[in-house]
Amino acid sequence: MNSRADDWGEHIPSGQAIGPGLRVLLLASDVPLFACVAAIEDINASRPGSVALAGIATDAITDPHARISAGKRLWQHYTPAQCRLSYERTRSFCTERGIEFFSGSVHAAPFQRWREACNPDIVLSAFYGQLVPEEVLRAPELGAYNVHPSDTQHGIRGPRPFLDTIEAGLKQANGHLGKVVVHELDTGFDEGRVVIETPGLPFHDRDGVLPANPLHIGFKFCLYAYPVLVEALLLTLLEKGRDFPPFQISYSAKIQSELETYRYSTHIGFSSADDLIRRMRGCMQNNNPAPFR
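Residues numbered from 1 in each chain as written. Predicted model: local features only at pLDDT ≥ 70, side-chain atom pairs only at ≥ 80, totals over all residues. Heavy atoms only, no water.

1. What to know about the overall build of the chain
Point 1. Along the chain, the regular secondary structure elements total 8 helices and 13 strands.
Point 2. Here the chain has a C-alpha radius of gyration of 18 Å; the compact-globule value for 293 residues is 19 Å, and the two agree.
Point 3. With respect to the principal axes defined by its C-alpha atoms, the chain has extents near 55 × 40 × 35 Å.
Point 4. Here the chain holds 293 residues, and the buried ones make up 57% of them.
Point 5. Intrachain contacts of the chain at a sequence separation of at least 6 include 74% that bridge at least 24 residues.
Point 6. In the form shown here, the chain has an accessible surface area of approximately 11,900 Å², with 48% of it arising from carbon and sulfur atoms. (Helix = DSSP H or I, 4+ residues; strand = E, 2+ residues; numbered from the N terminus. Rg over C-alpha atoms; globule rule 2.2 N^0.38 Å. Buried < 20%, exposed > 50% of the residue type's maximum accessible area, 1.4 Å probe, protein only. Contact = heavy atoms within 4.5 Å. Areas by Shrake-Rupley, 256 points an atom, 1.4 Å probe, with all protein chains shown as cover.)

Take a look at the structure:
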């Protein structure tokens, strides 16, 4: 049944029991959301039943009354049509696969009831615009984590990760480099302890060009860095629990070459969900050595 949240958004129950394994409540939007799903699918392909997607909460970008709607944060770089496509793609993906879907306020009673019913082992955030309440962060046994596309350890936090990195002048001889990190979620903006990070990733394409639209950098990072980072996080939690030392993932020579020769003219932003997941899983399977340590 489709029900309206207290102040805005949608809640579409799945009508299905959560499967076995590590229960993940995903707070995410658009391409990063599918990177997280690709990582879960890749783990379950080799370790069936290891990870269960308890539900997905996303930004209500098509609702002008939402706190995070079109025109705010990175959504300002989407056209209205792209905003609608992004939201509907996520909504359809969840309903077709029987995944619980929520797009309302994380402070509203429907979300609190849903989260308690999910009883997740981990909360995972990726491109999600709301500050998550402390009670949501403290509840999961294995913690709450956020994937963020900038070097938060050097103070680059908040809603403009790519522009702020460029303006900060973090450069190498071959152009701007940025990082994607996984950090523990706290009540601040991107201020939690970093537990996993990538090496420096090139912002430019193979012609040395920085794109006019920073979303294209995000799409590039989502194709390569996000699924590998999320897979590394979930594997580490499965193997070691939450008390693991911070580490950096590694990339195979093939993936490093693809990062350096990527063309923005072939960016992935508005492909189908299945195509995005297929491409991201291919990236993880081509990444040898594996990121888990």
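2. Focus: the side chain of E197
Point 1. One can find E197 in strand 11 (residues 194-197).
Point 2. In this structure, E197 is in contact with Q153, K179, V180, V181, L229, F247, Q248 and I249, ignoring residues within four places of it in sequence.

3. A look at unusual backbone geometry
Point 1. Despite not being glycine, N119 shows a phi value in the positive range, around 50 degrees.
Point 2. Inspection of the secondary structure assignment puts N119 in the loop between helix 3 (109-118) and strand 6 (122-126).
Point 3. Classification of N119 as partly exposed rests on a relative accessible area of 45%.
Point 4. One non-glycine residue, F127, lies in the positive phi region at around 60 degrees.
Point 5. Relative to the elements of secondary structure, F127 occurs in the loop between strand 6 and helix 4 (134-138).

4. Some details on the side chain of K220
Point 1. Among the structural elements, K220 can be located in helix 6 (residues 215-240).
Point 2. For K220, which is buried and forms no salt bridge, the nearest opposite charge comes from D205, at a distance of 7.4 Å. (Lys, Arg positive; Asp, Glu negative; His and termini not counted. Salt bridge = Lys/Arg side-chain N within 4 Å of Asp/Glu carboxyl O.)

5. Brief notes about the nonpolar core
Point 1. If you look at the biggest cluster of nonpolar residues, it comprises 74 residues, and the most contacted ones within it are F93, L124, V147, I196, L233, L234 and M280.
Point 2. In terms of residues, this core owes the most to one element, helix 6, which gives 17 residues.
Point 3. In this structure M280 touches V31, F34, A35, A38, C222, L223, P227 and I268, once residues within four positions along its chain are discounted.
Point 4. Judged by nonpolar contacts, the second largest core, of 16 residues, contains A57, V106, V123 and L137. (Core = buried A, V, L, I, M, F, W, Y, C linked by side-chain atoms within 4.5 Å.)

6. Observations concerning helix 5 (residues 161-168)
Point 1. Of all the positions in helix 5, only P161, F162 and T165 are classed as buried. Looking straight down helix 5, one finds its buried side chains confined to an arc of 95 degrees; they lie on one side. (Arc of directions from axis to C-beta.)

7. Observations concerning the confidence of the model for the chain
Point 1. With 91% of its residues at a pLDDT of at least 70, the chain reaches an overall mean of 85.
Point 2. Taken element by element, the chain is modelled with least confidence in strand 1 (residues 3-4), mean pLDDT 50, and with most confidence in strand 3 (residues 22-28), mean pLDDT 96.
Point 3. Scored below 50 in pLDDT, residues 289-293 shows 16 contacts in the model against residues more than four places distant or in partner chains. (pLDDT = per-residue confidence, 0-100.)

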